[in-house]
Amino acid sequence: MMAKSARKYWLLKSEPDSYGIDDLQRDDKTPWDGVRNYQARNSIRDDMHVGDLALFYHSSSDPTGVAGVMEVVGASRFDPTALDPNDHHFDSKATAENPIWSLVDVKFIAKFPKFVTLADLKGDRRFEGMLVLARGSRLSVQPVTEKHFCLVCELGGWKPRT
DNA sequence: GCCAACGTTGGC
DNA sequence: GCCAACGTTGGC
């Protein structure tokens, strides 16, 4: 009998000008495509599993911060946008045999009643050590501890079902 | 393997 | 729009 793997927690960045929490709420489910960084790709491909929860982080917006929560609902698979020459995320090095990049499908869970800004996180010592606060951190797919995940939800005025 | 040049990210 | 930080590329 395989031990059931523990749920993991993540933070996924997107620019709301291109795709934000409202878009996900409208679509209910979306492929999280376009990730073109190897470290982020490895997290998606190797460490994300159905049932994991992720904070939806709005980057390059005013203000930046966490807008809500989504759930991983599909196993990781190759990102087809890498093979599409008309797609903004086309990668000429990707082939059908080796598409290089991966994605997971995510589902809308909640939009926070209160948007949690980056400043909120910076101003709260309980978030010390969180990757998104590290200087120069650009990683668009980050692991988050359960403690930090729950605290962000709390600040957002939303309670995950247990 | 080093490292300069270049491109991108993302907060401000 | 600026620019610091970071990742990738390519010459050597």
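Everything numeric in this text was worked out from a predicted model, so none of it was measured.

> Is there a simple way to explain the protein's contact with DNA strand B in this structure?
By nearness alone, every residue bordering DNA strand B is listed as Lys13, Tyr57, Ser59, Ser60, Thr64, Leu118, Lys122 and Arg138. Here the atoms of DNA strand B within 4 Å of the protein split so that 76% fall in sugar or phosphate, with bases taking the remainder. Within the contact set of DNA strand B, a phosphate oxygen lies 2.8 Å away from a side-chain nitrogen or oxygen of tyrosine 57. The residue inventory of the surface near DNA strand B, partitioned by class, reads two nonpolar, three polar and three charged.

> Would you explain the protein's contact with DNA strand C in this entry?
Contacts to DNA strand C come from Tyr38, Lys93, Arg135, Gly136 and Arg138. Near the protein, meaning within 4 Å, the atoms of DNA strand C are sugar or phosphate in a fraction of 68%, with bases accounting for the rest. At 3.2 Å, a side-chain N or O of lysine 93 approaches a phosphate oxygen of DNA strand C. Note that a base oxygen of DNA strand C is positioned 2.5 Å from one of the side-chain N or O atoms of arginine 138. Its residues placed into classes, the surface near DNA strand C shows one nonpolar, one polar and three charged.

> Explain helix H2 (residues 38–47) to me, please; I cannot follow it from the model alone.
Residues three or four positions apart in an α-helix share a direction because the helix packs 3.6 residues into each turn. Looking at H2, one finds that the buried residues are Ala40, Arg41, Ser43 and Ile44. Along the axis of H2, the buried residues cluster in a sector spanning 160 degrees; they form a single face. Its buried side turned inward, H2 meets strand S1 (9–14), strand S6 (102–103) and strand S8 (141–143). For H2, the side-chain oxygen to backbone nitrogen distance between the N-cap and glutamine 39 is 3.0 Å, and the N-cap itself is asparagine 37.

Here is what the cut-offs are and how they apply
Residues numbered from 1 in each chain as written. Chains lettered and ligands numbered in written order. Predicted model: local features only at pLDDT ≥ 70, side-chain atom pairs only at ≥ 80, totals over all residues. Heavy atoms only, no water. Near = heavy atom within 4 Å. Polar contact = N/O pair within 3.5 Å; in protein donor to acceptor, adjacent residues only side chain to side chain. Nonpolar A, V, L, I, M, F, W, Y, C, P; charged D, E, K, R; others polar. Buried < 20%, exposed > 50% of the residue type's maximum accessible area, 1.4 Å probe, protein only. Helix = DSSP H or I, 4+ residues; strand = E, 2+ residues; numbered from the N terminus. Arc of directions from axis to C-beta. Contact = heavy atoms within 4.5 Å.

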